Amino acid sequence: MSKNYVVGFPRIGEQRELKKILELFWSKKADFSEVEKVASELKSRHWNYQKEAGIDFIASNDFSLYDNMLDTAVMLGAIPKRFAGLSDETLYFAMARGNNKSVAMEMTKWFNTNYHYIVPELSKEDNFILNSTKVMNEYKEAKAQGITTKINLIGPITFLGLSKRVDRGDTYAFFGKILPLYEQLLEEISELDEEITIQIDEPIFVKGVEPKVLSLIKPCYDALCKVSDKLKIIVTTYFEHSNEATKVLIHTPVWGVGLDFMYGEKNLESLDLIKNANKKLIAGVLDGRNIWKNNIEETVTLLEKIAQTVKRENVIVSSSSSLLHTPFSLKYEEKMNPEIKNWLSYAVEKLDEINLISKVFQGEALGEKEQKAFEANKSANKSRKNSTRIHNKAVQNRVKNIVKFEREGAYEERIALQHKVLNYKPLVTTTIGSFPQTQEVRKARRDLKNGSIDDKTYTNEMFQYIDDCLAFQEECGLEVLVHGEPERNDMVEYFGEQLQGYGFSQNGWVQSYGSRCVKPPFIYGDISRPKPMTVEWITYAQNRTEKIMKGMLTGPVTILNWSFVRDDLERSKVSKQIAVAICDEVDDLQKAGIKIIQVDEAAFKEGYPLRATDIPRYENWAVRDFKIAVSSAYKETQIHTHMCYSEFNDIIRTIEAMDADVISIETARSGNELLKIFAQVGYKQEVGPGVYDIHSPRIPSVEEIVVQIKKLLEVLPQEQLWINPDCGLKTRKWEEVKPSLENMVKAVKIVREELA
Ligand code: GLN
Ligand code: ZN
C-alpha cells in the first residue's frame, strides 16, 4: 500500500470564501455563526479534495480563522493583558486586529515566505492554561465525515522561538510551563481514538539551532512521546534542512521525521541516521510553495535515491511544506494561455501528483486514468523543456556576455557632477513615488483592462492625473518631483505585464495574512523587454515642469522576490535577466532627459536565506544585479533606491555596496536610532530617512517634523540628507497627503532658516 502525505492545505477557499465572510463579519454585516458555517464548509471541502485524491495523511487543525500561531497562543492561554475581559471570537479577533482600546499584536513574516503570522507576546504574568477545544473539535468534525485526520500542531520549541517577551527575559524560559500543557493536550487527544497521528511542526529547526535550543529537543520529545502508546508523533520541518535537530530527534521515540528535500537538499545527509533509528521518513519531495507541475519522473528518481538508504516501506511521499503557500485550483484559470496553464499545478492539482508519485515509487499498478495522467505529466514537462516561450537564445546570450557590471565613475566623482547638473540644496525634499490611488484612477485602469475605454482615453486620464500631481507638488514647494505612478496597480505587476516571460493568473490568490491575499505574477521564461515600460509617463511629466523629475522603476531583486519564480533556472540567473531589462529602461529614461532615476528595492531584505551561511551568496548576486540594473546610468544621472526597512545594522555594508547615490528608507517610527548605523560605518552616499509614517492616517504637524529633522541632523550632516515621507503614498487619501507634505515642506523651510 502506498502511503502519501500532505503537510497542510490552504484554507482561504478557492473563491476566497473565508476572506469574504470574515470581512463581512468585521464590518458587522454578518454574524459569527455565518463565519462558522463557511469555515465548516471549507474544512469539509478541503478534506474531501484530499480524500478523493487518495491522500492517506490528511491534516486537521491546519485550518484557522486568522493564523495558526495565534491559535496556538490561544490554545496555551498566552493572552496579552490588554485583552483581559474579552472572550471567544471577540478576544481572538481583537488579538489579531486590535480594537478601539488596544493595538493588535505584532505580525511578521513566516520564515522566508510571504505569509505573516501573529507574534505571541509572553510575560511572567501569563497564566498559561490549556484550551484544547479547537484541536479536538476539528478532529471530531472530520471523523464525523468519515475522515480520520492527523492532527497538526505548532511545536513547543517553535512556538517559544517565534514569540516575544514583553517583559525582560527569554521566551525559552517558559519551556517548563508550556511543555506540561502540550503533554496534557496529547493526553486529551489520545482519548479521541484507538490510534492517532500527530504532526508537530518545528520549522524553527531549519534556521540552524543554537546549542540552548538544541538541548530542549530531547527532553521535549521524550516527554511528549511518553504520553500515550496510541500516539504516532511526527516532527516536521520545512523550507531548509534541519540536520542538527534531526541528529537529536532520532534519539527520541518519535514515529517519524518530516523533511523538505526541495528547499533543504542537505537533508539527504540525515538519511543514514533515519535508517539506523528505523524512523518513518515523511519525504517532502513535491514543492509546496510554487506553482509548477511536478516532474514525476525526476521526483521518483529522487525518491529512489532516498530509498537506497531508508527502507522503501518507511518512506512516505509528501509535499515539502504546507500547500498554504500555493493558490487553490487551476479550474478557475479560464483565460490563461493553455500551453502555459499546462505547466502549472496549484494545491488541488498537487494532490493528484502526490498520489501518483507515491504509486509509481512504490511500484503499484496504475489505473487507466492514472496511467494517462502520468503520460500527460511527462509530455507537459517535455513541452516546458523545449518551448520557445520559455527559452530565448538572445536573452541567454546577452546575459552570458555581460561585460559591464557597474556604472562608470566612483561615487565622489559622480555626486559632484550630479550636484552641478541638478543644483539642489541640502535637505532637499521629495516623495517616494506614488500618490493616492483614487477611485477614478483604479476605475480607469479597470476599464482599460476590460475594454470599456480605449488606449487614448486611458492615456488622457492618466495624463490628467499626472498634471494634478505635478500641480500639487509645485504649489506645495516640493523640489524633486514624481509623476505619481497612477498607471501602476502594483510595483511588480506593472513591470511583469510588460516583460516577456511573465505570466498572470486570474485566481492565483495566496494568503498573505488574516483575510489578505496576494496574487503574485509568475516568471515562466527568459525575461526580455520588448519596449520601454515607463518612458512615456515620466517624460510626459518632465515636459510639464521646470523642476527635476524623478523616474521610477522597480529593481530586479524586488521583482524576483515578489513573484513565483520558474524552477528550471537558478534564481540568481533569473534575477540577472531582469536586471538587464531594467538596465535598458534606465538607459532609455536618461536618453529621454530624465536626470534622476529611482530603482526601488522594497523587497531586497525579503530574499535573505534562512541560514546565515547562505547569506553571502545571496548578497553577492543581489548586489550584482542591482548594479547591473543601473550600469547604464551616466555619471551625472543620479540613481536612487528605496527600501521599506528601518533595520540596516546587519546589512549596511551590503547597502553600501549597491552603490546607489541616494537611498530612502523607512525610519520614521524610530526617531534617529536606526539611522546611527549609517554614521557609525562612515556611509558616504546621501540618505533620505522617512520623516513621517505614511502607514498611519495621522497628519504630522510642522513642529513634529522639525523635531524629526533635527534628530536626523544629530546623526548626519545636512549635505547628506534628503527629506521625504517613509514610503509611497498610494494607500493614503489626498486629504491626508496634502497637509502632510505641506507640513513637511514648511518644516524644512524652518530648519533651513535656522541653519542659515
Ligand atoms: N515607488 C513605490 C511607491 O511609491 C515604492 C513602494 C514601496 O516601497 N513599497 O509606491
Ligand atoms: Zn517603501
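Cut-offs applied
Here the residue numbering is sequential within each chain, running from 1 through the sequence in written order. The naming scheme follows written order: chains are lettered A onward, ligands numbered 1 onward. A pLDDT threshold of at least 70 governs which residues receive local features in this predicted model, and a stricter bar of 80 or more applies before side-chain atom pairs are shown or counted, although totals over entire chains, interfaces and linings include all residues. Values reported for side chains reflect all heavy atoms of the structure, with hydrogen atoms and water molecules removed beforehand. Relative accessibility decides the category of a residue: with a 1.4 Å probe and only protein chains considered, values under 20% of the type maximum give buried, values over 50% give exposed, and everything between is partly exposed. Only DSSP runs of H or I reaching four residues or more are called helices, and only runs of E reaching two or more are called strands; each is numbered from the N terminus. Any two strands with at least two DSSP bridges between them are considered paired. Metal donors were taken as nitrogen, oxygen and sulfur atoms no farther than 2.8 Å from the ion, or 3.2 Å where the ion is Na, K or Ca. Water is excluded, so coordination may look unfinished. Angle rules define the geometry names used: all angles between 85 and 135 degrees makes four donors tetrahedral, while opposite donors over 155 degrees apart and all other angles between 65 and 115 make four donors square planar and six octahedral, leaving every other case irregular. In these notes, residues near a molecule or strand are those with any non-hydrogen atom within 4 Å of it. What qualifies as a polar contact is a pair of N or O atoms within 3.5 Å, subject to a donor-acceptor requirement within protein and to the restriction that residues adjacent in sequence count only when both atoms come from side chains. For the accessible areas, the method is Shrake-Rupley and the probe is 1.4 Å, while residue cover comes only from the protein chains on display. Note that Gly is not counted as nonpolar here; it falls among the polar residues with everything else outside the nonpolar set of Ala, Val, Leu, Ile, Met, Phe, Trp, Tyr, Cys and Pro and the charged set of Asp, Glu, Lys and Arg. Contact criterion: two residues are considered in contact whenever any of their non-hydrogen atoms come within 4.5 Å of each other. Every axis corresponds to a line fitted to the C-alpha atoms, with the helix fit spanning only the stretch in contact, and the corresponding angles, defined between N-to-C directions, vary from 0 to 180 degrees. Grouping buried Ala, Val, Leu, Ile, Met, Phe, Trp, Tyr and Cys residues that are joined through side-chain atoms within 4.5 Å yields what is termed a nonpolar core. Note on aromatic pairs: the rings of Phe, Tyr and Trp (six-membered ring only in Trp) are paired at centre separations within 6.5 Å, and the planes decide the class, stacked below 30 degrees, edge-to-face beyond 60, tilted for the rest.

## Concerning the pairing of strand β18 (residues 522-528)
Sheet faces and side chains relate simply in a regular strand, where the side chains alternate between the two faces.
Point 1. Among the seven residues in β18, seven count as buried, and that is most of the element.
Point 2. Where strand β15 (residues 500-503) and β18 come together, three bridges link them in antiparallel fashion. Along β18, the bridge assignment pairs glycine 503 with phenylalanine 522.
Point 3. As paired strands, β18 and strand β20 (residues 564-565) are joined by two bridges and run parallel to one another.

## Some details on the coordination of the zinc ion (ligand 2)
Between any two of four tetrahedral donors, the ideal angle at the metal is 109.5 degrees; between two of six octahedral donors, it is 90 or 180 degrees.
Point 1. Around the zinc ion (ligand 2), the donor atoms from the protein are His642 (NE2), Cys644 (SG) and Cys727 (SG), and they sit 2.0 to 2.2 Å away.
Point 2. Between the four donor atoms coordinating the zinc ion (ligand 2), the angles at the centre fall across 83 to 125°, so the site counts as irregular.

## With respect to the site of ligand 1
Point 1. What surrounds ligand 1 is the set Ile432, Gly433, Ser434, Glu485, Met491, Met552, Asp600, Ala602, His642, Cys644, Cys727 and Gly728.
Point 2. A distance of 2.7 Å separates an oxygen atom of ligand 1 from a polar side-chain atom of serine 434.
Point 3. Contact between ligand 1 and histidine 642: an oxygen atom at 3.0 Å from a side-chain N or O atom of the residue.
Point 4. With the chains in place, 90% of the 300 Å² that ligand 1 exposes on its own is no longer accessible.
Point 5. When the residues that make up the shell around ligand 1 are grouped by side-chain class, the tally is six nonpolar, four polar and two charged.

## What about unusual backbone geometry?
Point 1. Phi is positive for arginine 16, close to 55°, though the residue is something other than glycine.
Point 2. Mapped onto the secondary structure, arginine 16 falls in the loop between β1 (4-5) and α1 (17-26).
Point 3. Of note, the phi angle at lysine 28 is positive, near 60°, even though the residue is not glycine.
Point 4. Here lysine 28 lies in the loop between α1 and α2 (32-52).
Point 5. By relative accessible area, which is 77% here, lysine 28 ends up exposed.

## A look at the sheet that holds β20
Backbone hydrogen bonds hold the strands of a sheet together, and the pairing may be parallel or antiparallel.
Point 1. A sheet is described by the order of its strands in space; here three strands give the open sequence β15-β18-β20, paired in mixed fashion. This sheet does not close on itself; its edge strands, each paired only once, are β15 and β20.
Point 2. The strands that helix α22 (residues 571-591) touches are β18 and β20; relative to β18, the one it contacts most, it runs at about 50°.

## Side note on the sheet that holds strand β23 (residues 662-665)
Point 1. Taken in spatial order, the six strands of this open sheet run β14-β19-β21-β22-β23-β24, and their pairing is parallel. Two strands bound the open sheet, and with one partner strand each, they are β14 (480-481) and β24 (686-689).

## Structural notes on the nonpolar core
Point 1. By size, the foremost hydrophobic cluster in this structure holds 131 residues, and its most contacted members are Ile157, Phe159, Ile189, Tyr221 and Ile306.
Point 2. For isoleucine 189, the contacting residues outside a window of four places in its chain are Val135, Met136, Ile151, Ile196, Ile198 and Leu231.
Point 3. Counting 102 residues, the second largest nonpolar core, distinct from the first, contains Ala579, Val599, Leu675 and Val687.

## Thoughts on the environment of lysine 400
Point 1. Assignment of secondary structure puts lysine 400 in helix α15 (residues 393-400).
Point 2. A relative accessible area of 66% means that lysine 400 is categorised as exposed.
Point 3. The spatial distance from the C-alpha of lysine 400 to the C-alpha of lysine 576 is 9.6 Å, given a sequence separation of 176 residues.

## What to know about the side chain of serine 242
Point 1. With respect to the helices, strands and loops of the structure, serine 242 is situated in the loop between β9 (231-236) and α9 (243-249).
Point 2. Contacts of serine 242, omitting those with residues within four sequence positions, involve Phe205, Val206, Thr237, Leu259, Asn267 and Arg611.

## Comments concerning the packing of aromatic side chains
The description of two aromatic rings rests on the distance between their centres and on the angle between their planes.
Point 1. Under the defined criterion, the tally for this structure stands at 33 aromatic pairs.
Point 2. Centroid distance phenylalanine 435 to tryptophan 734: 5.3 Å. Interplanar angle 10°. Geometry classified as stacked. Of this pair, phenylalanine 435 sits in the loop between β13 (428-429) and α17 (439-449) while tryptophan 734 sits in helix α27 (residues 734-755), and the two are 299 residues apart along the sequence.
Point 3. For phenylalanine 435, a relative accessible area of 0% translates into the label buried.
Point 4. The interplanar angle of 50° and the centroid separation of 6.3 Å between the aromatic rings of tyrosine 465 and tryptophan 734 together place this pair among those described as tilted. Separated by 269 residues along the polypeptide, tyrosine 465 in helix α18 (residues 455-476) and tryptophan 734 in helix α27 bring together distant segments of the chain.
Point 5. Judged by its relative accessible area of 17%, tryptophan 734 falls in the buried class.

## Digging into the environment of phenylalanine 361
Point 1. Checked against the element boundaries, phenylalanine 361 lands in helix α13 (residues 347-361).
Point 2. What makes phenylalanine 361 buried here is its relative accessible area of 1%.
Point 3. Put simply, phenylalanine 361 and isoleucine 296 are 65 residues apart on the chain and 9.6 Å apart in space, counted from C-alpha to C-alpha.
Point 4. Setting aside anything within four residues of it in sequence, one finds phenylalanine 361 in contact with Val300, Leu303, Glu304, Ala307, Arg312, Val315 and Val317.

## What about the pairing of strand β16 (residues 510-513)?
Point 1. Sheet analysis places β16 next to strand β17 (residues 516-518), joined by three bridges and oriented antiparallel. Paired with tyrosine 513 across the two strands is arginine 516, which belongs to β17.
Point 2. Counting the residues in the hairpin turn of β16 and β17 gives two residues, including glycine 514, whose phi is positive at 50°.

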